[in-house]
Amino acid sequence: MINLVWLVPLFPLVGFLINGLGRNVLPKGVIGFIGSLSILLSFIVSIGIFTELNASDIKSFYIPLFDWIHTAAVKVPFAFQIDPLSSIMLLIVTGIGFLIHVYSIGYMKLDTGFGKYFSYLNLFIFFMLLLILGSNYVVMFIGWEGVGLCSYLLIGFWFTNPSFATAAKKAFVMNRIGDLGFLIAIFIIFATFGSVEFGDVFMQAAKMESGNTTLLWITMLLFVGAIGKSAQVPLFTWLPDAMAGPTPVSALIHAATMVTGGVYMIIRSNILFTLSPITLHLVAVIGIITAILAAAIAVSQTDIKKVLAYSTVSQLGYMFLGLGVGAYTGALFHVITHAFFKALLFLCAGSVIHAMSNEQDMRKMGGLKKKLPITFLTMLAGTLAISGIPPFSGFFSKDEILAHAYEQSPLLWIIGVITALLTSFYMFRMLYLTFYKGFRGTQEQEHHLHESPATMTIPLVILAVLAVFGGVIGIPEILGGHHWLAGFLAPVFEHQGLVVATTAPLDHSTELILMAISVGGAIIAALYAYSRYVKGSHIPAVDGSSRDLLSKLSYNKFYVDEVYDFIIGKPLNALSSFFYKIIDKGAIDGFVNGLGRATSEGSKVLRLLQSGNVGFYIFMMITGIVALLVYGFYNI
């Protein structure tokens, strides 16, 4: 099966072509079937690849397809690399992607752009698979840029709404900032190592000293790319605005695909980052700042999708914290569990919005528990998982990251625990406002409340099971497990005898105390949310109401967008206005138009010379002859 890996990205590409070309001809049922089947086939092949790799003594396979760039100085093959890291990511992307495709059949069935939507989804998965499978940085960059393009198309899918189109452009532009850093890093990698192949680069890098200046520049620039793609401070504001797209798109982008690209790239380049401790420290600092900032914003949001969007930013910060403290396995573990519970939560939100006739404001919901029992139970499972309550999946991955953070710096651990408390609070706040107490919407909305169709609820149930039991792949020894994931990924972190440490050497008693503190805090935060929003029947204030300073800062997202607009947007708009009015219209247009007017006016004068008078023509001819004679006489 490993030699058939080329089929994995081929199936979504074929689905894109069929649905794209037949979007106005094929019935919706056929389009949904083709779009979902293409991802299912990729998932089946991915299962075969994973099974074969797990049973094999060889843990890395290089699959060349063709020479893409081949000159005397540069050789870049179009090749795939299969190892434990890429095989797991294949399962996540194709598995979660398939469930989202099935869910979309019911969610988008009334949309006029049904065929276009599924073609975009298939193309998105195709590029994400290229990003994962590429054996070198150039193929990875193709997929990297491709998912950026598809995110623009999907976020702005309903582009007739100006705010949605603006959100798509914002995502595209902010990602291009990070992509520039990634591209420059590739140039430096080729100039330094003479190759962009992972095997060649990592083999040479393993022989370099820790703290090497060139590696520092390379990793810093790679990290800039990761910041853009994975929405870290300061390039994080595009991700909450990505909610403009259909809810399944939000689940696809936020859960298992695009935003995890930066995390995957750093894990893939682990040897480079391990040999650049300054960069790793910066990764940890940026990650924890992102985690706490996004969590602080989420606690006061009233749009159900906005809460989940800032939750994604915060969880990505957790992943980067894990990367920064050397917990590469823990970071990938959180990528996996996050894919389960965040895809579940977004699709549950979509089910609520579907039942509420497209209403997203939680202040107008409430009392949905009886009307949407499947959605409620599955969202409860997702909420418990993301809050880090044992034995749900999020507990195991979050605990591993926090344990590594404590080993590196107690301050990082403290901020991480505070973030965990905020996560539990805002997630249970969302659950209580949506499903508990009385219904606060209109009578028309209440009349139409109903559970979603099977095409939407079946993916919810599957994801809920994964959110509950997904943590079994990484149960630590202290809880009676052997952390299967760490053992499976071990070959990824071995380079020419240099082994990258991925486990925290904390003693069991300390680790148990840390677990107890984080879990106890999460439970207290959930109980506080219950007392406030269920027992206390508190409803968030309406827009425009007076709030205390902290609530106002949180509700207005700490005015980050306004600050960016003030220090970047307005100066650039003023500069562009100056160039338009003074340079473009005044100078360039003035010069070009001036030439045109001069030619026009001159021709009007010269036209008068054509009078039709033969005597005048003879006079002008003689005048010309005399002028030529005089000119010739003075130039002898």
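No experiment lies behind these values; they were computed from the predicted model shown. For every chain, the first residue of the written sequence is number 1, and numbering continues from 1 along that sequence. Only residues with pLDDT of at least 70 are given local features in this predicted model, and only at 80 or more are side-chain atom pairs given and counted; all residues enter the totals for whole chains, interfaces and linings. Only hydrogens and water are set aside; all other atoms, that is, all heavy atoms of the structure, feed into the side-chain values.

## What to know about the overall build of the protein chain
Here a strand is any run of E in DSSP of at least two residues, a helix any run of H or I of at least four, and the numbering for each starts at the N terminus. Secondary structure assignment for the protein chain yields 25 helices and 4 strands. Expressed along its principal axes, the backbone C-alpha trace of the protein chain runs to roughly 115 × 70 × 55 Å. Looking at the protein chain as a whole, 54% of its 636 residues are labelled buried. For this analysis, residues touch if any pair of their heavy atoms sits within 4.5 Å. Summarising the internal contacts of the protein chain: among those between residues at least 6 apart in sequence, 81% fall at separations of at least 24. Burial here depends on accessible area, computed with a 1.4 Å probe over protein chains only, as a share of the maximum for the residue type. Under 20% is buried, over 50% is exposed, and the range in between is partly exposed.

## Quick look at the pattern of salt bridges
In the sections that follow, a salt bridge refers to a side-chain nitrogen of Lys or Arg positioned within 4 Å of a carboxyl oxygen of Asp or Glu. For the coordinates displayed, the defined rule picks out 7 salt bridges. The residue Asp83 makes a salt bridge to Arg268 at a minimum N-O spacing of 2.5 Å. Taken together, the positions of Asp83 in the loop between strand E2 (75-82) and helix H3 (84-107) and Arg268 in helix H11 (residues 261-268) put the pair 185 residues apart, joining distant regions of the chain. Residue Asp83 shares its accessibility class with Arg268, and that shared class is buried.

## Notes on the pairing of E2
Summarising burial for E2: 7 of the 8 residues are buried, a large majority. Of the pairings in the sheet, the one linking strand E1 (residues 61-70) to E2 comprises 8 bridges and is antiparallel in character. Bridging from a neighbouring strand, Pro64 pairs with Ala79 of E2. Being paired, for any two strands, means DSSP has found at least two bridges between them. The hairpin turn running from E1 into E2, its antiparallel successor, is 4 residues long.

## Quick notes on the side chain of Ser195
Looking at the secondary structure, you find Ser195 in the loop between helix H6 (162-193) and helix H7 (198-205). The class of Ser195 is buried, set by a relative accessible area of 10%. A polar contact is formed between the side chain of Ser195 and the backbone nitrogen of Glu197, at a distance of 3.0 Å. Any pair of N or O atoms that falls within 3.5 Å is considered a polar contact. Within protein, one atom must be able to donate a hydrogen and the other to accept it, and sequence-neighbouring residues count only if both atoms are side-chain atoms.

## Looking at the packing of helix H15 (residues 328-355) against helix H17 (residues 393-408)
In the contact formed by H15 and H17, the axes pass within 9 Å of each other and the chain directions differ by 155°. Between H15 and H17, the interaxial angle falls into the category roughly antiparallel. Regarding H15 and H17, the two cross each other, and that crossing is left-handed. For the pair H15 and H17, contact is made by Thr329, Gly330, Ala331, Phe333, His334, Thr337 and Phe341 and by Ser393, Gly394, Phe396, Ser397, Lys398, Glu400 and Ile401, respectively. Three classes are used, and their members are as follows: Ala, Val, Leu, Ile, Met, Phe, Trp, Tyr, Cys and Pro are nonpolar, Asp, Glu, Lys and Arg are charged, and the others, Gly among them, are polar. Class assignment of the residues belonging to the contact of H15 with H17 gives a composition of 5 nonpolar, 7 polar and 2 charged. Interaxial angles span 0 to 180 degrees and are taken between N-to-C directions of axes, which are lines fitted to C-alpha atoms, for helices over the stretch in contact. Throughout this description, any angle smaller than 35 degrees is read as roughly parallel, any larger than 145 degrees as roughly antiparallel, any in the 65 to 115 degree range as roughly perpendicular, and the remainder as oblique. Should the near helix be turned anticlockwise from the far one by less than a right angle, the crossing is left-handed, and should it be turned clockwise, the crossing is right-handed.

## Here's the deal with the nonpolar core
Buried Ala, Val, Leu, Ile, Met, Phe, Trp, Tyr and Cys residues that are joined via side-chain atoms within 4.5 Å together make up what is termed a nonpolar core. The biggest cluster of nonpolar side chains holds 182 residues, and the ones touching the most others in it are Tyr137 and Leu272. With 19 residues, the single largest contributor to this core is H15. Residues in contact with Tyr137, not counting those within four places in the same chain, are Phe182, Ile186, Ile189, Val196, Phe198, Phe202, Leu222, Ser269 and Leu272. Counting 16 residues, the second largest nonpolar core, distinct from the first, contains Tyr318, Ile401, Leu402 and Leu412.

## Notes on helix H4 (residues 114-133)
In this model, H4 (20 residues) spans 29 Å end to end at C-alpha, consistent with the 28 Å of a helix rising 1.5 Å per residue. Of all 20 residues in H4, 19 are buried; the element is thus mostly enclosed. For a helix, the expected span equals 1.5 Å multiplied by the residue count minus one.

## Some details on the packing of helix H13 (residues 277-298) against helix H14 (residues 304-324)
At a minimum axis separation of 7 Å, H13 and H14 run at an interaxial angle of 160°. Considering the angle they form, H13 stands roughly antiparallel to H14. For H13 against H14, the interelement crossing comes out left-handed. On the side of H13, the interface is formed by Leu280, His281, Val283, Ala284, Gly287, Ile288, Thr290, Ala291, Ala294, Ala295, Ile297 and Ala298, while H14 contributes Val307, Tyr310, Val313, Ser314, Gly317, Tyr318, Phe320, Leu321, Leu323 and Gly324. Class assignment for the residues of the contact of H13 with H14 results in 16 nonpolar, 6 polar and no charged.

## A closer look at the environment of Ser230
Take Ser230: it is sitting in the loop between helix H8 (213-229) and helix H9 (238-241). Through-space distance from the C-alpha of Ser230 to that of Gly178 is 9.6 Å; in sequence the pair is 52 residues apart. Setting aside residues up to four positions removed in sequence, Ser230 forms contacts with Val259, Thr260, Gly261, Gly262, Val263, Leu316 and Phe320. For Ser230, the side chain forms a polar contact with the main-chain oxygen of Val259, separated by 2.5 Å.

## Let's talk about the side chain of Lys398
Here Lys398 is to be found in helix H17. Note that His is not counted, nor are the chain ends; the positive residues are Lys and Arg, and the negative ones are Asp and Glu. Nearest to the buried, unbridged Lys398 among oppositely charged side chains is Asp399, at 11 Å. Once residues within four sequence positions are removed from consideration, Lys398 is found in contact with Gln315, Tyr318, His334, Ile386, Ser387, Gly388, Ala420 and Thr423.

## A look at unusual backbone geometry
The omega torsion of the bond from Val233 to Pro234 falls at 10°, within 30 degrees of zero and hence cis. Inspection of the secondary structure assignment puts Pro234 in the loop between H8 and H9. In this model, Pro390 is joined to Pro391 through a cis peptide bond whose omega is 5°. You can see Pro391 is positioned in the loop between helix H16 (373-386) and H17. A positive phi is found at Asn358, a non-glycine position, where the angle reads about 75°. Relative to the assigned elements, Asn358 resides in the loop between H15 and H16. Residue Asn358 is classed as exposed on the basis of its relative accessible area of 62%. Not every positive phi belongs to a glycine, and Lys557 is a case in point at roughly 60°.

## Here we look at the packing of aromatic side chains
Aromatic pairing here means that ring centres of Phe, Tyr or Trp (its six-membered ring) are within 6.5 Å. Orientation follows from the plane angle: under 30 degrees is stacked, over 60 is edge-to-face, and everything else is tilted. Summed over all chains, the structure comprises 30 aromatic pairs. Relative to Phe579, the ring of Phe578 lies with its centre 5.7 Å away and its plane at 75°, an arrangement referred to as edge-to-face. According to the relative accessible area criterion, Phe578 is partly exposed, its value standing at 43%. Put simply, the rings of Phe114, Tyr117, Phe118, Tyr120, Phe157 and Trp158 pair up and form one aromatic cluster. Criterion for a charge above a ring: Lys NZ or Arg CZ within 6 Å of the ring centre, and within 35 degrees of the ring normal. Positioned above the aromatic ring of Phe157 is the side chain of Lys116, whose terminal nitrogen or guanidinium carbon lies 5.2 Å from the ring centre. The ring centre of Tyr555 lies 3.9 Å from the NZ or CZ of Arg547, which sits over that ring.

## Description of H15
Taking 1.5 Å as the rise per residue, H15 with 28 residues should run 40 Å; its terminal C-alpha atoms sit 40 Å apart, in good agreement. The largest bend in H15 amounts to roughly 30° and is located at His338. With 27 of its 28 residues buried, H15 lies for the most part within the structure. Ser357 sits one or two residues past H15 and shows a positive phi near 55°. In this scheme, the bend at a residue equals the angle between the axes fitted to the seven residues that finish there and the seven that begin there.

## Here's the deal with the environment of Lys369
By the secondary structure assignment, Lys369 is in the loop between H15 and H16. Beyond its immediate stretch of four places on either side in the chain, Lys369 contacts Phe376, Phe435 and Tyr436.

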